[in-house]
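# Remarks on the overall topology
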Amino acid sequence: MHVHGPAAPAEGVVVRNERCTAGRRAAGFVRHVEFDVSGTGLEGAFLAGQSFGVIPPGTDEKGREHKLRLYSLACPAGGEDGQGRIVSTTVKRLIDEHHETGRLFLGVSSNYICDLKPGERVRLTGPAGKRFLLPARPEEHDYVFFATGTGIAPFRGMLLELLRPRTGQPVLASKIVLVMGAPYASDLLYDPLLRELAYQNPNFTYLSAISREQQPEGEGPLYVQDRLTTHRELLGAVLGRPGALIYICGIAGMELGIVQGMARTLPEATREQYLRCDGAALAEVQGWTRRMLHKQLMLSRRVFMEVY
Ligand SMILES: Cc1cc2nc3c(=O)[nH]c(=O)nc-3n(C[C@H](O)[C@H](O)[C@H](O)COP(=O)(O)OP(=O)(O)OC[C@H]3O[C@@H](n4cnc5c(N)ncnc54)[C@H](O)[C@@H]3O)c2cc1C
């Protein structure tokens with residue numbers, strides 16, 4: 001961790017910067033960006049699920065140097081190149097309206113990264129993150145991943161790590177389910193890659209959940225947690241396996257709906273492996289709040305969350 005801190009950042013070189021939404025009519029602008037970190041302390045230093053920092057150039061309105069922003073690694077430990085030299089991330093342009101003036105506001109770091117061209121140099125820090133990682137012995141576990149938006153980044157890395165192992169490493173038999181949420185089908189990220197991985201690996205199921213329009217298969221609008229109902233049998237069976245793990249990454253707030261969905265759909269013995277709460281709380285699932293997640297509702301060590 002923190003091989004390069006903000007005081008002595010590494011210099012990465014942009015090697016690729018491309019859109020990673022399916023259609024040109026996507027509601028958000030999201031790009032897949034790769035950096036060459038050869039020869040720096042970051043080379044070969046990452047694990048899937050970790051993040052790195054980007055320090056945008058320039059100063060803020062108070063004249064202070066911009067602070068670093070964190071971005072999840074979108075590649076496996078071996079990087080995009082298998083040698084740990086090329087790292088990637090998935091960046092959404094932050095475009096907002098100023099809450100008082102109503103004027104357009106462009107997020108500093110996300111727009112800086114999305115505008116970068118191959119060959120440009122960037123100040124990078126990291127690696128960061130010690131919990132949102134794959135287990136030490138991945139073959140002893142099964143996995144359910146829930147992603148919304150750029151929360152797919154760490155799962156792209158983990159899936160490539162689990163399903164396309166490097167030469168000499170065993171191919172995994174674990175069951176893996178990814179539930180990917182997006183407002184519109186055109187906002188699904190890395191959709192062709194995820195479909196290909198599901199096609200090539202019968203142990204991997206890729207489910208999307210589109211919240212503002214019909215699903216491509218004709219079902220109505222769905223949030224990620226609704227897949228616990230539509231695919232109750234599949235998710236109940238995977239989560240009922242002894243080494244199963246749940247990972248949640250994406251938009252802050254998504255975790256509450258998922259935990260409520262687990263409380264409603266999982267058989268008691270399975271639910272208790274992930275979530276402990278008393279009978280009174282269980283009778284009031286609808287009224288649960290995010291604050292309760294870390295107090296009354298005790299999530300077990302088999303649940304991993306990274307929401308921002
Ligand atoms: C562990 C972790 C992993 C992450 N991974 C990713 C990832 O993989 N991909 C990704 O895209 N993001 C990721 N993020 C979020 C990322 O770190 C940034 O927060 C995000 O890109 C926005 O940064 P920004 O510099 O573009 O926006 P900022 O410039 O920092 O703006 C942030 C907020 O402040 C408001 N704001 C600030 N100044 C003004 C102003 N003058 N006027 C109006 N509003 C203002 C904006 O509306 C906005 O809501 C992650 C965060 C964490 C904590």
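Residues numbered from 1 in each chain as written. Predicted model: local features only at pLDDT ≥ 70, side-chain atom pairs only at ≥ 80, totals over all residues. Heavy atoms only, no water.

### Let's talk about the site of the ligand
Close to the ligand lie 20 residues; Leu70, Tyr71, Thr90, Ser109 and Ser110 are nearest. Between the ligand and the protein, one listed contact pairs an oxygen atom with a side-chain N or O atom of Arg69 at 2.8 Å. Surface burial for the ligand is 71%, taken as the share of its 970 Å² of free accessible area covered by protein chains. Taken together, the residues that form the shell around the ligand break down as seven nonpolar, nine polar and four charged. (Near = heavy atom within 4 Å. Polar contact = N/O pair within 3.5 Å; in protein donor to acceptor, adjacent residues only side chain to side chain. Areas by Shrake-Rupley, 256 points an atom, 1.4 Å probe, with all protein chains shown as cover. Nonpolar A, V, L, I, M, F, W, Y, C, P; charged D, E, K, R; others polar.)

### Here we look at the side chain of Asn111
Along the chain, Asn111 turns up in helix α1 (residues 108-115). For Asn111, the side chain forms a polar contact with the main-chain oxygen of Leu94, separated by 3.1 Å. When sequence neighbours within four positions are dropped, the list of residues in contact with Asn111 reads Arg93, Leu94 and Leu106. (Helix = DSSP H or I, 4+ residues; strand = E, 2+ residues; numbered from the N terminus. Contact = heavy atoms within 4.5 Å.)

### Some points on the sheet that holds strand β8 (residues 121-128)
Reading across from one edge, β4-β3-β8-β1-β2-β5 is the order of the six strands in this open sheet, with antiparallel pairing throughout. Both outer strands of the open sheet, β4 (69-72) and β5 (86-92), are each paired with one neighbouring strand and no more. Strand-to-strand twist across the sheet, computed as the mean angle between neighbouring axes with direction ignored, equals 40°. α1 contacts β1 (10-19), β2 (30-36), β3 (51-55), β4, β5 and β8 of the sheet and is inclined by roughly 55° relative to β4. (Pairing = 2+ DSSP bridges. Axes fitted to C-alpha atoms, helices over the stretch in contact; angles between N-to-C directions.)

### Side note on the environment of Ala173
Here Ala173 shows up in the loop between α2 (152-163) and β10 (176-182). The class for Ala173 is exposed, based on a relative accessible area of 66%. Each C-alpha atom of the pair Ala173 and Ser110 lies 37 Å from the other, and the pair is 63 residues apart in sequence. (Buried < 20%, exposed > 50% of the residue type's maximum accessible area, 1.4 Å probe, protein only.)

### Observations regarding the packing of α2 against helix α3 (residues 191-200)
Where α2 contacts α3, the two axes come as close as 12 Å, and the packing angle between them is 30°. Relative to α3, the element α2 lies roughly parallel. In terms of crossing hand, the pair formed by α2 and α3 is left-handed. On the side of α2, the interface is formed by Ile152, Arg156, Leu159, Leu160 and Leu163, while α3 contributes Leu193, Leu194 and Leu197. In the contact of α2 with α3, the residues fall into seven nonpolar, no polar and one charged. (Parallel < 35°, antiparallel > 145°, perpendicular 65-115°, else oblique. Left-handed = near helix turned anticlockwise from the far one by under 90°.)

### Some thoughts on the nonpolar core
Of all hydrophobic cores here, the largest spans 35 residues; its most connected members are Tyr143, Phe145, Ile152, Phe155, Leu159, Leu178 and Tyr247. Counting residues per element, the ones that place at least two in this core are β9 (142-148), α2, β10, α3, β11 (204-210) and β12 (244-250). Looking at which element gives the most residues to this core, the answer is α2, with eight residues. Counting the residues that make up this core, at least three belong to each of domain 1 (10-128) and domain 2 (138-307). Aside from chain neighbours lying at most four places away, what touches Phe145 is Phe155, Met158, Leu159, Leu162, Ile176, Val177, Leu178, Val179 and Tyr247. (Core = buried A, V, L, I, M, F, W, Y, C linked by side-chain atoms within 4.5 Å. Domains from an automatic or database assignment.)

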